[in-house]
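Okay, here's what each chain looks like letter by letter:
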Amino acid sequence: MSDLFEQLAEVPVPPPPPRPVFDRSLHQRINSRLLVGQLVDLCVRGFAFALWHFFRVAAEAGRYTLTGKYGENRKTDGPRKNGR
């Protein structure tokens, strides 16, 4: 094993790029990818969630307008006792 480590020790290592340029380019790439990811998440999940609830409310408002009944025969979050 020592031969491998000795061979690796002899391999020249290039110097790192200048610090400010490297950091700035890294942050720009990461930030652009994060922005794209957040926008995709908003479009896929956020708008779909909002539209689904909007249409549910619009349907319930239409039902109330036509029948005068609100929320009857709907599932609740759990059993309710004594009107509470």
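Note that the structure is predicted; figures quoted are calculated from it, not measured.

Engineer: How should the overall build of the protein chain be read in this particular structure?
Structural biologist: Along the protein chain, the regular secondary structure elements total two helices and zero strands. Here the protein chain holds 84 residues, and the buried ones make up 1% of them.

Engineer: Before we go on, may I ask you to explain the pattern of salt bridges in this structure?
Structural biologist: Where charged atoms of side chains with opposite charge meet at close range, the side chains can pair. Summed over all chains, the structure comprises two salt bridges. A salt bridge links Arg-45 to Asp-41; the nearest nitrogen and oxygen atoms lie 2.6 Å apart. One end of the pair, Arg-45, and the other, Asp-41, are both in helix H2 (residues 19-67), four residues apart, so they sit about a helical turn from each other.

Engineer: Explain H2 to me, please; I cannot follow it from the model alone.
Structural biologist: One full turn of an α-helix is made of 3.6 residues, so residues set three or four places apart face in the same direction. The terminal C-alpha atoms of H2, which comprises 49 residues, lie 70 Å apart, in line with the 72 Å expected from a rise of 1.5 Å per residue. Phi for Gly-68, located one or two positions after H2, is positive at around 80°.

Engineer: Hey, could you run me through the environment of Lys-69 in this one?
Structural biologist: Structurally, the position occupied by Lys-69 is in the segment after H2. Exposure remark for Lys-69: the relative accessible area of 42% places this residue in the partly exposed category. Excluding residues within four positions of it along the chain, Lys-69 makes contact with Arg-63 and Tyr-64.

What counts, and at which threshold
Residues numbered from 1 in each chain as written. Predicted model: local features only at pLDDT ≥ 70, side-chain atom pairs only at ≥ 80, totals over all residues. Heavy atoms only, no water. Helix = DSSP H or I, 4+ residues; strand = E, 2+ residues; numbered from the N terminus. Buried < 20%, exposed > 50% of the residue type's maximum accessible area, 1.4 Å probe, protein only. Salt bridge = Lys/Arg side-chain N within 4 Å of Asp/Glu carboxyl O. Expected span 1.5 Å × (residues − 1). Contact = heavy atoms within 4.5 Å.

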